[in-house]
Amino acid sequence: MSIVKGVYEGFTALIYSFILDIVIKVLLLMGFTDILYDLLQLISVILWIGIAMYGWNNVCLINRGVCRLSTIFRFMMFVVTPLMAFSYIFYLYGANAASALLFLISVSLLLGLSVSGYVGSYILSNQFRSNLGRISSLISIIAVLMWLALIPKVMEVGTAINALGNTMIIITAFQLRRRFSPTPRKTHR
């Protein structure tokens, strides 16, 4: 695989990961409901972490500053996923205090992962001098910090602002991905 193709695929994966990032926040806002919904949360988190890990690993080819992000996502897969699974299991068995504590820890780790992705986006935007990318990364970081209030209305507003920031990050990622679009070679006959 050529460097250009790898980076192009990495940006494509990052676009999907920023979309899934918002989907997960909306799902987490709803909390526990039933077993199918909880499984949907867990599957979404696993997909998001896996796609982001792949994306940052390939974008690492053009910026060594974001190489650690792939490793962070890889290790968090083995921490966050079991914590969420155990929180759902405890919830099913009526251990509400234990399930709430594990859910709170896993959501905190997911928010930290989200912020690290925005920092990576800021680093890339800085490298390519994209003001839209810088501003959108900062907007998304501030929106995630609104979750720390643990007040549902503030968290909903933070998620809406985060969706706006992620949309601008996705636009920036499309612009950067276009630079690394693999072009087919012309053959002479």
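Notes on the structure follow. In this text, all values refer to a predicted model and were calculated from it rather than measured experimentally. (Residues numbered from 1 in each chain as written. Predicted model: local features only at pLDDT ≥ 70, side-chain atom pairs only at ≥ 80, totals over all residues. Heavy atoms only, no water.)

### Re the overall build of the protein chain
Inclusion rule: Segments assigned H or I by DSSP are reported as helices when at least four residues long, segments assigned E as strands when at least two residues long, and all are numbered from the N terminus. Our radius of gyration looks at C-alpha atoms and nothing else; its globule reference is 2.2 Å times the residue count to the power 0.38. Any two residues having at least one pair of non-hydrogen atoms within 4.5 Å are treated as being in contact. Only the protein chains shown count as cover for residues, and all accessible areas are computed by the Shrake-Rupley method using a 1.4 Å probe. In this tally Asp and Glu are treated as negative and Lys and Arg as positive; neither His nor the chain ends contributes. To locate a charge, take atom NZ for lysine, CZ for arginine, CG for aspartate or CD for glutamate.
Helix and strand content of the protein chain: 6 helices and 0 strands. When the helices and strands of the protein chain are placed in sequence order, the string is α-α-α-α-α-α. For 189 residues, the compact-globule estimate of 2.2 N^0.38 gives 16 Å, and the protein chain sits close to it at 18 Å. Restricting the contact set of the protein chain to residue pairs at least 6 apart, pairs at least 24 apart contribute 73%. Surface exposure of the protein chain reaches about 10,200 Å², of which carbon and sulfur atoms provide 70%. Both charge centroids of the protein chain, one from 14 positive and one from 5 negative side chains, sit 24 Å from each other.

### Regarding the environment of Thr 172
To be explicit about the condition: Three exposure classes are used, based on accessible area relative to the maximum for each residue type with a 1.4 Å probe and protein chains only: buried under 20%, partly exposed in between, and exposed over 50%.
When you line up the elements, Thr 172 lands in helix α6 (residues 152–179). In this structure Thr 172 comes out as buried when scored by relative accessible area, which is 2%. For the pair formed by Thr 172 and Leu 124, sequence separation is 48 residues and the distance between their alpha carbons is 9.7 Å. Beyond its immediate stretch of four places on either side in the chain, Thr 172 contacts Ser 125, Ser 130, Leu 132 and Gly 133.

### Considerations on the side chain of Asn 63
What counts here: Whenever two N or O atoms come within 3.5 Å, that pair is a polar contact, provided that in protein one can donate a hydrogen and the other can accept it, and provided that, for residues adjacent in sequence, both atoms are side-chain atoms.
With respect to the helices, strands and loops of the structure, Asn 63 is situated in the loop between α2 (35–59) and α3 (67–92). Asn 63 gets classed as buried once you look at its relative accessible area, which sits at 10%. Within the structure, the side chain of Asn 63 is placed 2.5 Å from the side chain of Gln 127, a separation counted as a polar contact. Setting aside residues no more than four positions away along its own chain, Asn 63 makes contact with Ile 123, Leu 124 and Gln 127.

### Here we look at the packing of α2 against α3
Selection rule: The convention used is that axes are lines fitted to C-alpha atoms, helices contributing only their stretch in contact, and that angles between N-to-C directions extend from 0 to 180 degrees. By definition in this entry, angles of less than 35 degrees are roughly parallel, angles greater than 145 are roughly antiparallel, angles of 65 to 115 are roughly perpendicular, and the rest are oblique. Three categories are distinguished: nonpolar for Ala, Val, Leu, Ile, Met, Phe, Trp, Tyr, Cys and Pro, charged for Asp, Glu, Lys and Arg, and polar for the others, with Gly belonging to the last.
Where α2 contacts α3, the two axes come as close as 9 Å, and the packing angle between them is 175°. One element, α2, and the other, α3, form an angle in the roughly antiparallel class. For the contact of α2 with α3, the per-class residue count stands at 19 nonpolar, 5 polar and 2 charged.

### Some points on unusual backbone geometry
At Arg 129, a position not held by glycine, the phi torsion is positive, near 55°. Mapping Arg 129 onto the fold places it in the loop between α4 (96–127) and α5 (131–145). In this structure, Leu 150 is a non-glycine residue whose phi angle is positive, near 55°. Summarising the element assignment, Leu 150 is placed in the loop between α5 and α6.

### Some details on the packing of aromatic side chains
Short version of the rule: Two aromatic rings, drawn from Phe, Tyr or Trp (for Trp, its six-membered ring), form a pair once their centres lie within 6.5 Å of each other, and the interplanar angle then sorts them: stacked below 30 degrees, edge-to-face above 60, tilted otherwise.
Tallying each qualifying case throughout the model produces 5 aromatic pairs. With 5.7 Å between their ring centres and 80° between their planes, Trp 48 and Phe 73 make a pair best called edge-to-face. Of this pair, Trp 48 sits in helix α2 while Phe 73 sits in helix α3, and the two are 25 residues apart along the sequence. Neither residue differs from the other here; Trp 48 and Phe 73 are each classed as buried. Ring centres 6.4 Å apart and planes at 50° place the aromatic pair Tyr 88 and Phe 103 in the tilted group. Here Tyr 88, found in helix α3, pairs with Phe 103, found in helix α4; they are 15 residues apart in sequence, far enough to count as distant. Take Tyr 88 and Phe 103: they sit in the same class, and that class is buried.

### Focus: the side chain of Asn 162
Inspection of the secondary structure puts Asn 162 in helix α6. If sequence neighbours within four positions are ignored, Asn 162 has contacts with Asp 21, Ile 22, Lys 25, Tyr 118, Ser 140, Ala 143 and Val 144.

In short, geometric facts, not functional conclusions.
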